[in-house]
Every structure is written in C-alpha cells, then in structure tokens.
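Chain by chain, the residues:
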Amino acid sequence: MSATLKLTHKAIGVEVRRGTFDAVVDGERVGSVEMNGTIEIPIEAGHHTLRVRNGRNLSRTATFDVAEGQVVAFRCTGKRSLPVFLASFVVPRLALSLRQE
C-alpha cells in the first residue's frame, strides 16, 4: 500500500503567473496541475521533498513525511505580494508559493 500526495493549484483573485505547474517529488517530475485544478499522485511512505515549477519559476522546496495510506495535501499558486514578485525576477525560487494544508 502506498500514500497519496494531493496538489491543488488555486488562486483567489488575479494571478500573474498562470499556466500549468509541474510537480517535482524527490527531484523527479511526477505530474502537472492546471490552474484551479487538483492532482493526486501515489507515492511511497516515508520522507520526501516537493517543489513546483513553471519554466524558470520555482517554489521553495517543501519536505514532508507520509505514512502508509495517508494523504498529504499541498496548495500552490503564482500569486505573490509585490515585493516578493519583484524579487523573484532575481531569485526564481521565490516565484511560486507552496504550502502544506
């Protein structure tokens, strides 16, 4: 039996960085999520890293532990405050937000 990673791309209001985000678990692309969409990805139980990307734009790396049969959920968005948005042109890993729910 495995665990499940649930990833939702949701933004309230205007989002400048639209489009499909790729989900990268433990350094490997495992799927993609459309704007206002949700994907569920089967993963092995244990310790993992997660990052979302859209071309050059990245999120920070999130780490999480998941047990057999457990569902771990994250939400990602391209909507950022103006100072962070401007800084993301220099530091691409600030461009996308990734939060565990």
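So, here's what we can say about the structure. (Residues numbered from 1 in each chain as written. Predicted model: local features only at pLDDT ≥ 70, side-chain atom pairs only at ≥ 80, totals over all residues. Heavy atoms only, no water.)

**Some remarks on the overall build of the protein chain**
Rule in force here: Helix and strand definitions follow DSSP, with helices as H or I runs of at least four residues and strands as E runs of at least two, each counted in order from the N terminus. For the radius of gyration, the atom set is restricted to C-alpha positions; the globular benchmark scales as 2.2 Å times the number of residues to the power 0.38. Buried means the residue's accessible area, taken with a 1.4 Å probe over protein chains only, is under 20% of the maximum for its type, while exposed means over 50%, and partly exposed covers the values in between. Contacts are residue-level and defined by heavy atoms, with any inter-residue pair within 4.5 Å sufficient. Throughout, the Shrake-Rupley method with a 1.4 Å probe supplies accessible areas, and for residues the shown protein chains are the sole cover considered.
Helix and strand counts for the protein chain come out as 1 helix and 9 strands. Secondary structure elements of the protein chain occur, N-terminal to C-terminal, as β-β-β-β-β-β-β-β-α-β. The C-alpha atoms of the protein chain give 13 Å as radius of gyration, which agrees with the globular expectation for 101 residues (13 Å, within 12%). Seen along its three principal axes, the alpha-carbon backbone of the protein chain occupies a region of about 45 × 25 × 20 Å. The buried share of the protein chain, reckoned over its 101 residues, is 41%. In the protein chain, once contacts between residues fewer than 6 apart in sequence are set aside, the share between residues at least 24 apart is 62%. As displayed, the protein chain has an accessible area near 5700 Å², and 52% of this comes from carbon and sulfur atoms.

**What to know about the pairing of strand S4 (residues 38–43)**
The cut-off we apply is this: Only strands that DSSP links by at least two bridges are regarded as paired with each other.
What you see with S4 is a clean split: Ile39, Ile41 and Ile43 sit on the buried side and Thr38, Glu40 and Pro42 on the side with no burial. Of the strand pairs in this sheet, strand S1 (residues 3–9) and S4 are connected by 6 bridges, and their pairing is antiparallel. The residue of S4 that forms the bridge with Lys6 is Glu40.

**Remarks on the sheet that holds strand S9 (residues 97–100)**
In plain terms, the rule: Fitted lines through C-alpha atoms give the axes, limited to the stretch in contact for helices. The angle between two N-to-C directions lies from 0 to 180 degrees.
The 4 strands lie next to each other as S4-S1-S8-S9, forming an open sheet whose pairing is mixed. Where the open sheet ends on each side, the last strands, each with one partner, are S4 and S9. Between one strand and the next, the sheet's axes are offset by a mean angle of 25°, whatever the strand orientation. Sheet topology note: the S1/strand S8 (residues 71–77) ladder contains 6 bridges and is parallel. Pairing of Thr4 across the sheet is with Val71, part of S8.

**Describing the pattern of salt bridges**
What counts, and what does not: Any Lys or Arg side-chain nitrogen found within 4 Å of a carboxyl oxygen on Asp or Glu counts as a salt bridge.
The final tally for this structure, using the stated rule, is 1 salt bridge. Here Asp22 and Arg29 are joined by a salt bridge, their closest N and O atoms 3.2 Å apart.

**Observations concerning the nonpolar core**
For clarity, the threshold we go by: Nonpolar cores are built from buried Ala, Val, Leu, Ile, Met, Phe, Trp, Tyr and Cys residues. Side-chain atoms within 4.5 Å join them into one set.
Counting 21 residues, the largest nonpolar core has Leu5, Leu7, Phe64, Phe74 and Leu98 as its most contacted members. Counting residues per element, the ones that place at least two in this core are S1, strand S2 (21–25), S4, strand S5 (46–54), strand S7 (62–66) and S8. In this structure Leu98 touches Leu7, Leu50, Arg51, Val52, Ser59, Arg60, Ala62, Phe74, Arg75 and Cys76, once residues within four positions along its chain are discounted.

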